[in-house]
Amino acid sequence: MEKKAIVLCGGGAKGAYQIGALKALNKVGYKYDIVTGTSVGALNGAFAVMGDIKKAENIWSKLDMEGIFSFNDKQKDISKSKSMAELTKNLIKSGESASYEPLLELIDKNVNEKKIRKSDIEYGFVTTEFKPLKKVEIFKGDIPYGQLKNYIMASAACYPYMKSFKINDKQFLDGGYFDNMPIDMALRKGATDIVVIDLKGIGKLNKANDIPAKVTYVECSQNLGGIMLFNKENNIRNIKLGYLDTLKAFNKLEGNLYSFRKGENIKASSIEDKIINITRKIFSSIPNASSMEKLAEAQIKNCINNYYKNIYTIKSSALAMLEMTADIFKIDYLRTYTFKMLSDKVIVEANKIKRSDKNLSLDIKKILESVLKVDKMSDVFKMYDKSKLVLFIKSIISKDKITQEDKKDIYMLSIAFPETVLAAIFLKAYEESKLINIKK
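About the criteria used
Residues numbered from 1 in each chain as written. Predicted model: local features only at pLDDT ≥ 70, side-chain atom pairs only at ≥ 80, totals over all residues. Heavy atoms only, no water. Helix = DSSP H or I, 4+ residues; strand = E, 2+ residues; numbered from the N terminus. Buried < 20%, exposed > 50% of the residue type's maximum accessible area, 1.4 Å probe, protein only. Contact = heavy atoms within 4.5 Å. Areas by Shrake-Rupley, 256 points an atom, 1.4 Å probe, with all protein chains shown as cover. Lys, Arg positive; Asp, Glu negative; His and termini not counted. Charge placed at Lys NZ, Arg CZ, Asp CG, Glu CD. Pairing = 2+ DSSP bridges. Axes fitted to C-alpha atoms, helices over the stretch in contact; angles between N-to-C directions. Parallel < 35°, antiparallel > 145°, perpendicular 65-115°, else oblique. Nonpolar A, V, L, I, M, F, W, Y, C, P; charged D, E, K, R; others polar. Phe/Tyr/Trp six-rings, centres within 6.5 Å; stacked < 30°, edge-to-face > 60°. Core = buried A, V, L, I, M, F, W, Y, C linked by side-chain atoms within 4.5 Å. Arc of directions from axis to C-beta. Polar contact = N/O pair within 3.5 Å; in protein donor to acceptor, adjacent residues only side chain to side chain.

*Asks:* Give me the lowdown on the overall build of the chain, citing residues and values where you can.
*Replies:* Of regular secondary structure, the chain possesses 19 helices and 10 strands. Taking the principal axes of its C-alpha atoms as reference, the chain extends roughly 80 × 55 × 45 Å. Taking all 440 residues of the chain together, the buried fraction comes to 54%. Put simply, of all contacts in the chain between residues at least 6 apart along the chain, 73% involve residues at least 24 apart. When the accessible surface of the chain is summed, it comes to about 20,800 Å², and 50% of that surface belongs to carbon and sulfur atoms. Charged side chains of the chain number 73 positive and 53 negative; the gap between the two group centres comes to 3 Å.

*Asks:* Which residues make up the pairing of strand β6 (residues 170-174), and what are the values?
*Replies:* The two faces of a sheet get side chains in turn, since along a regular strand they alternate between them. In the sheet, strand β3 (residues 122-130) pairs with β6 via four bridges, with the strands oriented antiparallel. Residue pairing across strands places Thr-127 opposite Asp-174, the latter belonging to β6. Pairing analysis gives three bridges linking strand β5 (residues 165-167) to β6, with the strands arranged antiparallel. Within β6, the position partnered with Phe-165 by the bridge is Phe-172. In this structure, the hairpin formed by β5 and β6 is closed by a connection of two residues, where Asn-168 is found at a positive phi of approximately 55°.

*Asks:* Mind laying out the packing of helix α12 (residues 291-308) against helix α13 (residues 317-328), listing which residues take part and the relevant values?
*Replies:* α13 packs onto α12 with a crossing angle of 95° between their chain directions and a minimal axis gap of 10 Å. As the angle between them shows, α12 and α13 are arranged roughly perpendicular. Only Ser-317, Ala-320, Met-321, Glu-323 and Met-324 of α13 make contact with α12, whose side of the interface consists of Cys-303, Ile-304, Tyr-307 and Tyr-308. Classifying every residue of the contact of α12 with α13 gives seven nonpolar, one polar and one charged.

*Asks:* Got a sec to walk through the packing of aromatic side chains? Specific residues and values, please.
*Replies:* Per the counting criterion, the structure on display carries 12 aromatic pairs. Ring geometry for Tyr-30 and Phe-250: centres 5.8 Å apart, planes at 70°, overall edge-to-face. A residue pair is termed long-range when its members are at least 10 positions apart, and Tyr-30 in the loop between α1 (16-28) and β2 (34-38) and Phe-250 in the loop between α9 (232-249) and β9 (259-260) qualify at 220 residues. Residue Tyr-30 is classed as buried on the basis of its relative accessible area, which comes to 5%. Each ring, one from Phe-339 and one from Phe-426, has its centre 6.2 Å from the other, and the planes form 90°; the classification is edge-to-face. Of this pair, Phe-339 sits in helix α14 (residues 339-356) while Phe-426 is found in helix α19 (residues 418-432), placing the two residues 87 residues apart along the sequence.

*Asks:* Talk me through the pairing of strand β7 (residues 193-198); I want residue IDs and the actual numbers.
*Replies:* When you tally the buried positions in β7, you get six out of six residues, the bulk of the element. The side-chain alternation of β7 yields two buried faces, one formed by Asp-193, Val-195 and Ile-197 and the other by Ile-194, Val-196 and Asp-198. In terms of strand pairing, strand β1 (residues 4-8) meets β7 through five bridges, oriented parallel. When the bridges of β7 are listed, Lys-4 appears paired with Asp-193. By the bridge criterion, six bridges tie β7 to strand β8 (residues 214-219) in an arrangement that is parallel. Opposite Asp-198, over in β8, you have Glu-219 as the bridge partner.

*Asks:* A description of the nonpolar core should follow, citing residues and the corresponding values.
*Replies:* Ranked by size, the top nonpolar core spans 73 residues in total, and within it Ile-6 and Tyr-123 carry the most contacts. At eight residues, the largest contribution of residues to this core is made by helix α2 (residues 40-50). What Ile-6 contacts, discounting residues up to four positions off in sequence, is Leu-22, Leu-25, Tyr-30, Tyr-32, Ile-34, Val-35, Thr-36, Ala-48 and Val-195. Among the nonpolar cores identified, the runner-up in size contains 54 residues, and Leu-319, Tyr-337, Ala-350 and Ile-402 belong to it.

*Asks:* Describe helix α3 (residues 53-61), listing the residues and the values that go with them.
*Replies:* Residues of α3 that are buried include every one of Ile-53, Ala-56, Ile-59 and Trp-60, and no others. Along the axis of α3, the buried residues cluster in a sector spanning 120°; they form a single face. Buried residues along α3 sit against α1, α2, α5 (101-110) and α9.

*Asks:* I'd like to hear about the side chain of Ser-433, residue by residue, with values.
*Replies:* Along the chain, Ser-433 turns up in the segment after α19. Looking at Ser-433, its side chain comes within polar contact range of the main-chain oxygen of Tyr-430, at 2.5 Å. When neighbours within four sequence positions are excluded, Ser-433 is seen to be in contact with Ile-271 and Lys-274.

*Asks:* Give a detailed account of unusual backbone geometry, specifying residues and quantitative values.
*Replies:* Backbone torsion omega between Lys-131 and Pro-132 reads -5°, so that peptide bond is classified as cis. With respect to the helices and strands, Pro-132 occurs in the loop between β3 and β4 (134-139). The omega torsion of the bond from Tyr-159 to Pro-160 falls at 15°, within 30 degrees of zero and hence cis.

*Asks:* I'd like to hear about helix α11 (residues 272-282), residue by residue, with values.
*Replies:* Working note: α-helix, 3.6 residues per turn, so residues spaced by three or four point in the same direction. Burial in α11 covers these residues: Ile-275, Ile-278 and Ile-282. Angularly, the buried residues of α11 cover 70° about the axis, an arc narrow enough to put them on a single face. In this structure, α11 carries Asp-273 and Arg-280 as exposed residues pointing more than 90 degrees from its buried face. Each element contacted by the buried residues of α11 is listed here: α13, α17 (386-397), α18 (404-416) and α19.

As structure tokens, this is what we get:
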């Protein structure tokens, strides 16, 4: 007999992503029989069992630091921390963990224990008992009546950011210390089909390769934010990401960073011949090509191949190149697009930049010298606008004849910043496709 389960990993403030994922599971008709979770996954799991995803979305859309933590007078500015490093430093400086009272109140006010116990859905989660340190896996039937909110809180007590939580004479810490992905709990209840919503949180992952069930992983390739930095705007963004990523995981949408309607892979392939022709104009692919050319071509191929390794596979290189281009031109990734719709948006942004900087010229040698002087590639892009670099490369490949000096510049840029060269090739190919019908 088939039994469906959802496994909700821990990840603190990233938990809003799971609410978007649960919305999408409802949309695709995934009826689950079992819910297991850790930390914030235990809390979100309670809403899943109650069937109150709308309520959970409303809570997360308004949730901030004060809705989770209580800070004393010495800690009053900690809630304004802009990074996990700053938050950690400020807590250490204050000499004590934050209080969990607001979170406990949120659980008490919104988790309906009676409704959860009446539900046919199996519900369990992981916490960590302190002194001696050991994993505690518990299902709703094992929890004394009236204590459910306390055990959820025990699973989410992310020490040292918040204080440990006491039940009777025992202290508990976040379940992520032992198992941030409680697949085993679902299997013990007979799960044959499991959806894991992974937040890439801190903690131990018991992710086995030989799981005796069908497993679908939903995870985001983007940074969901700091695990203890609760922010309304970021929560709303993460809910949208969770929704779109889950639809992609269930093959209802296409794409990786961006989301496309079904069938756009095929539509994108219509310009792949042009992409190949432009690439051949740059790279000779002959055995006796220079070592620089060979390395540059290998970097371009690796960039595309690495994109294919993302959780949601793109079958069209044209679609992958469009995503890279759209990302460089900072196009909104929280919407659903057609191939043409997103391509035209990129063209609009490119034209805006061209109009604002008509005499676009870059000193390639100066840019590449900068690479040698910084620790990370990302630091180079603080000095040079990626989108302008793409347009500069496009101006070179748009020439009737590309000189050897031009090619040398492109090879160097391919080695250092392959995605910008791929974006330039995409723009040129799309322009030649005559699919554009917008004002330039």
